[in-house]
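Here's the letter readout for the chains.
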Amino acid sequence: MTTAKRARSLVSTLFIRVVILLAGTIAAIGATAYWIAKHRIDDVYDSELITGTKLLHTLSKEELEQQAEDLREGELVGKPGAPLSEEDIETFNTYARWRMFRIWRGSQLIARSVNGPAQVAMPNAAGFVDLAEGTDTWRLYVLPLKDVNMSIVVGEPLSVRYAVINEFALTLTVPLLLLIPASAGLIWLTLLDGLGALRRLAVALHSKSGSNLSPLDSTQWPRDLAGTITAINGLLARLDSSFRQTLRFTDHAAHQLRTPLAGLRLNAHLIEAEKDPAEQRAIALRIHEGAERAAALVEQLLTLAHLDSGAFAKPPSEVAAVAKTVLAELAPVAAAKDVALALSAQPEVVVRADELRLRMILSNLVDNAIKHSPSGREVAVEIARESDPDGSKMVRLVVTDHGLGIPPDERQRVFERFYRADSSQPGVGLGLSIVAEAVAQIGGSITLETPDWGNGLRAVVRLPAA
């Protein structure tokens, strides 16, 4: 047995993403600060090494000059000695314990500090040099003095720098690490408060029902939800219109079915009590007619229900072939009323519509035209191609009769369901509603006009060509 995976909440999803972004940002800031601090510390310590060599150069120069003067005055016997006095060396060893220095004259080491790596060879290059000794590495700065054939080296272990850098990193890292949970807590509370509007929206929508589909007040919601509120109100309006239409449809359908069913029930009682065979046949005929009307109404209701579902494809259909089939099916009805059927169609006229909806349109229009045409007249069907002003290819389908027509002020209302312009005519007022719905779903249009001869009705349907 499998269980459905529960979707993660919006708050937790946003929280995780924001916290990850926050942690990444803090890590990037920390790494950048560490990199900058390391280079700054390296620069400072390197500058101190340079300063140390220059200081030793100055001291040794003064010492050597003093020794040379003493030698000239006879106060010094022999050649000049060490370039630094014992006092200078002691001071260096006391106040710069982590640093070292070496001074060479030529290849001879003539002065040194007590600390520093044991293996420091005569330098052959100037500038900074890294010297590894054991587990530590010394950073050395070499200052060659060619005028006196001397070289001064000042250095310090890199571990000193690393200790300072690590201390800085620790000082930087602790506040940043404490910032993450503190910020995460604030983010969580902010998201809960910010998404409270969505929870209130859910409560507001939960209170809606078929009897209460009033729109939401857009002024009560944050501006960020304006688009959502507008979309919801549009949906509520469409649902309300659909519910009202369904209610009207149900009421009209019940009303229209009540009459034939009541007639069937009454005639069924009458035929049971009637003994006269002729009356029985008359009553049976009325039952048959009532059943036919009820069956036709049910068929039209099912057609409307199919159209209301809105689910259909738009394969190309050849209009003339569908029209011939419809006219052949309605030929017995037309012949019974002595109405002629005529078809005028251009060859290979194809529309983007399924054959079922095309048959609905043609059969209802032709059937209405037959019902309203007087005996001895003609119902004409015309099919032709045409183009819109914008260049769109269309198909023009025209059904014309010679009946009484429809007054101009009622031509729009006849497309309403169960509306009948002439209640004396047979039908329930669904035929043109079916036509209008099918035409709209195909993406076409329908207009009702008066023929050129002044009476009758011309139904003009325009559909997109394939």
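Look up: the structure comes first, before these words.
Residues numbered from 1 in each chain as written. Predicted model: local features only at pLDDT ≥ 70, side-chain atom pairs only at ≥ 80, totals over all residues. Heavy atoms only, no water.

What follows covers helix H7 (residues 319-336). Look at H7: 26 Å from first C-alpha to last across 18 residues, which is about the 26 Å you get at 1.5 Å a residue. In the structure, H7 departs most strongly from a straight axis at Leu330, where the bend amounts to approximately 45 degrees and where the proline Pro332 lies between one and four residues downstream. Among the residues of H7, those classed as buried are Val319, Ala320, Val322, Ala323, Val326, Leu327, Leu330 and Ala334. Buried residues along H7 sit against strand E6 (316-318), strand E7 (340-345), strand E8 (350-352), helix H8 (355-372), strand E9 (378-387) and strand E10 (393-401). N-cap assignment for H7: the residue whose side-chain oxygen lies 3.4 Å from the backbone N of Ala320 is Glu318. Trailing H7 by a residue or two, Asp338 shows a phi angle of about 60 degrees, which is positive. (Helix = DSSP H or I, 4+ residues; strand = E, 2+ residues; numbered from the N terminus. Expected span 1.5 Å × (residues − 1). Bend = angle between axes of the 7 residues up to and from the residue. Buried < 20%, exposed > 50% of the residue type's maximum accessible area, 1.4 Å probe, protein only. Contact = heavy atoms within 4.5 Å. Polar contact = N/O pair within 3.5 Å; in protein donor to acceptor, adjacent residues only side chain to side chain.)

Residue placement: Glu156 occurs in strand E5 (residues 150-157). Within the local environment of Glu156, its side chain forms a polar contact with the side chain of Arg99, the two groups lying 3.3 Å apart. Here Arg161 takes part through its side chain, which lies 3.1 Å from a polar atom of the side chain of Glu156.

The next subject is the environment of Asn364. Here Asn364 is to be found in helix H8. Separated by 71 residues in the primary sequence, Asn364 and Val435 place their C-alpha atoms 6.8 Å from one another.

Next up on the list: the sheet that holds strand E4 (residues 136-145). The strand order E2-E1-E5-E4-E3 describes an open sheet built from five strands, whose pairing is antiparallel. Two strands lie at the open edges of the sheet, namely strand E2 (108-112) and strand E3 (127-133), each paired on one side alone. If you compare each strand with its neighbour and ignore which way they point, the axes differ by 25 degrees on average. Where E4 lies against E5, eight bridges are found, and the strand directions are antiparallel. Paired with Tyr141 across the two strands is Val154, which belongs to E5. (Pairing = 2+ DSSP bridges. Axes fitted to C-alpha atoms, helices over the stretch in contact; angles between N-to-C directions.)

Here we come to the packing of aromatic side chains. For the coordinates displayed, the defined rule picks out two aromatic pairs. Seen from their ring centres, Phe15 and Trp188 are 5.1 Å apart, and the 85 degrees between their planes marks the pair as edge-to-face. Taken together, the residues span a long stretch of sequence, with Phe15 in helix H1 (residues 10-72) and Trp188 in helix H3 (residues 158-194) at a distance of 173 residues. With a centroid separation of 4.9 Å and 55 degrees between ring planes, the pair formed by Phe128 and Tyr141 is classed as tilted. Of this pair, Phe128 sits in strand E3 while Tyr141 sits in strand E4, placing them 13 residues apart in sequence. Using a relative accessible area of 32% as the deciding quantity, one classes Phe128 as partly exposed. (Phe/Tyr/Trp six-rings, centres within 6.5 Å; stacked < 30°, edge-to-face > 60°.)

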